[in-house]
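# A structural walkthrough
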Amino acid sequence: MMKYSMRNIALALGFFAVSIFSAAFSTLLGGSSIRAGLILSIVIFFLLAIPFGIRYFITPKIIFINFFIFFLVIIFYLCATITFPDVDNIRFVLSLALIFVMSFAALAFVTTLNFLEDEFFHKLVIFGFYLLMCLAYIVLLLMVFFERTGKNMFLFNEPSHFGIVFIPFIFYAAYTSNKNLYAVLYIIAAIVFALIIKNLTLLVGCLMIVFLLYGRRFWLFGFFISMFVVAIYLLDLEYFLERINILGDIKNISTLVFLSGWERAYLSFIASYGFGVGFQQLGITGPEGELQIILKGLLGGVGLNIKDGGSLGSKLIAETGLLGLILLLSYLFFAIKLAGKTMLRQISGSKDIFFIGVYLLFSIELFVRGMGYFSLTSFLFISSFYWIYRSRILAH
């Protein structure tokens, strides 16, 4: 029987602060930076957890890996300044310090969450799923029946922000559903919302979830593919088709931003001899690229997403060069192993399922729609890495 103790309630509120409400905190603080909301959400978690005790899990290996990576980032930054001397040293130092603090805070976050029993944590995530699904359909009803315009979704300034937060919850609800029909309905409901509100980020996430859950079950996988084919004929999908067109004369702003990030990653890698332009220096120094020039022409001389690169993977390579490329390949290596276990249904335990979902679906930020290092789910991603290491999931 679940215990609704004060500690459980405090940790539940702290978990929601980190996993769902950081976007709302950003809006509350002025909306100029997601980073501010993320920091506030982490602070809230620990303020709620401290009265009931903080757990900490740390090993010499974790300390070594953290310091080794940070040392390499500094070395690559110093080498990058030889080619690109016009850097922002204060931005570099403060960002690196914040990542360092977040990394060790994530250790305490996952081990403190382990106070919660599996059943309670399961109910927690399912509640978060229904909360976000209700929010989605409230916005949809307002659009359909009250002609509501604008992209604001109450807690989220943009539909893509909502999608990035919602996707891990959809995965968890579908994976843990006792009835296959419910799992399918959860995914269909999210897909319908993504199609109507025109949220490509959420749509890509749903496609990934379909592959992870039903890639080996051909009849269900075929059902979802057939549904998408029907949608192509019945709905106006020009919005989505424009964004996935990367050939020919590209005029779509979002597509140009995405491609510009990878163009600048390539140009920066070559120009810096593999060292990059320096951590957190994209948009401050380094090659501009032809696509940014096109964007400025379309936007009246103003660049767009010049510091976040469109996707986190392109930003990482542009700024840290070969080191970033190695980190991305390492992520993909472990992601492939975890995806295999997921498709074979070898993952059990509510926390294991949730954090593996966070890890795998973070690939959307890496390769599709990034918001920089301090995004709505970056802290959860770091936490997922530590949870997977702590639980020895890959060793089983």
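Read on for a plain summary of the structure. (Residues numbered from 1 in each chain as written. Predicted model: local features only at pLDDT ≥ 70, side-chain atom pairs only at ≥ 80, totals over all residues. Heavy atoms only, no water.)

### Examining the layout of surface pockets
Rolled over the atoms, a probe as big as a water molecule pinpoints where empty space is left. What counts is decided by this rule: Both site types are read off a 1 Å grid over the protein atoms alone. A 1.4 Å probe that fits but cannot get out defines a cavity, while an open set with protein on both sides within 12 Å along at least five of seven lines defines a pocket; lining residues have an atom within 4 Å of a point. Grid points are joined across faces, edges and corners, and a volume is the space filled by probe spheres set on the points. In this description a helix means any DSSP run of H or I spanning at least four residues, a strand means any run of E spanning at least two, and both kinds are numbered starting from the N terminus. Charged means Asp, Glu, Lys or Arg here, nonpolar means Ala, Val, Leu, Ile, Met, Phe, Trp, Tyr, Cys or Pro, and polar covers whatever is left, Gly included.
Quantified by volume, the largest pocket comes out at close to 1300 Å³. Residue lining of the largest pocket: 42 residues in total, with Ile65, Ile69, Leu327, Phe381 and Phe385 positioned closest to the centre. Top contributing element to the lining of the largest pocket by residue count: helix H14 (residues 312–343), with 11 residues. Here the lining of the largest pocket is composed, by residue class, of 33 nonpolar, 7 polar and 2 charged.

### Comments concerning the pattern of salt bridges
Condition: Counted as salt bridges are all cases of a side-chain nitrogen of Lys or Arg within 4 Å of a carboxyl oxygen of Asp or Glu. Relative accessible area decides the class of each residue, using a 1.4 Å probe on protein chains only: under 20% of the type maximum gives buried, over 50% gives exposed, and in between gives partly exposed.
As enumerated under the stated definition, the model contains 4 salt bridges in all. Between Asp118 and Lys351 there is a salt bridge whose closest N-O contact spans 3.2 Å. Note that Asp118 is positioned in helix H6 (residues 118–146) and Lys351 in helix H15 (residues 350–361), a separation of 233 residues in sequence. On the accessibility criterion, Lys351 (3% relative accessible area) is buried. Taking the shortest distance from any N to any O, the salt bridge between Glu288 and Lys296 comes out at 2.4 Å. With a relative accessible area of 34%, Glu288 lands in the partly exposed category.

### Concerning H15
Which entries qualify depends on this criterion: Working rule for helices: expected span equals 1.5 Å times residues minus one.
Over its 12 residues, H15 runs 16 Å from end to end, which matches the ideal 16 Å to within 8%, given 1.5 Å per residue. Taking burial as the measure, the 12 residues of H15 include 12 buried ones, the bulk of the element. Of the residues making up H15, those classed as buried are Ser350, Lys351, Asp352, Ile353, Phe354, Phe355, Ile356, Gly357, Val358, Tyr359, Leu360 and Leu361.

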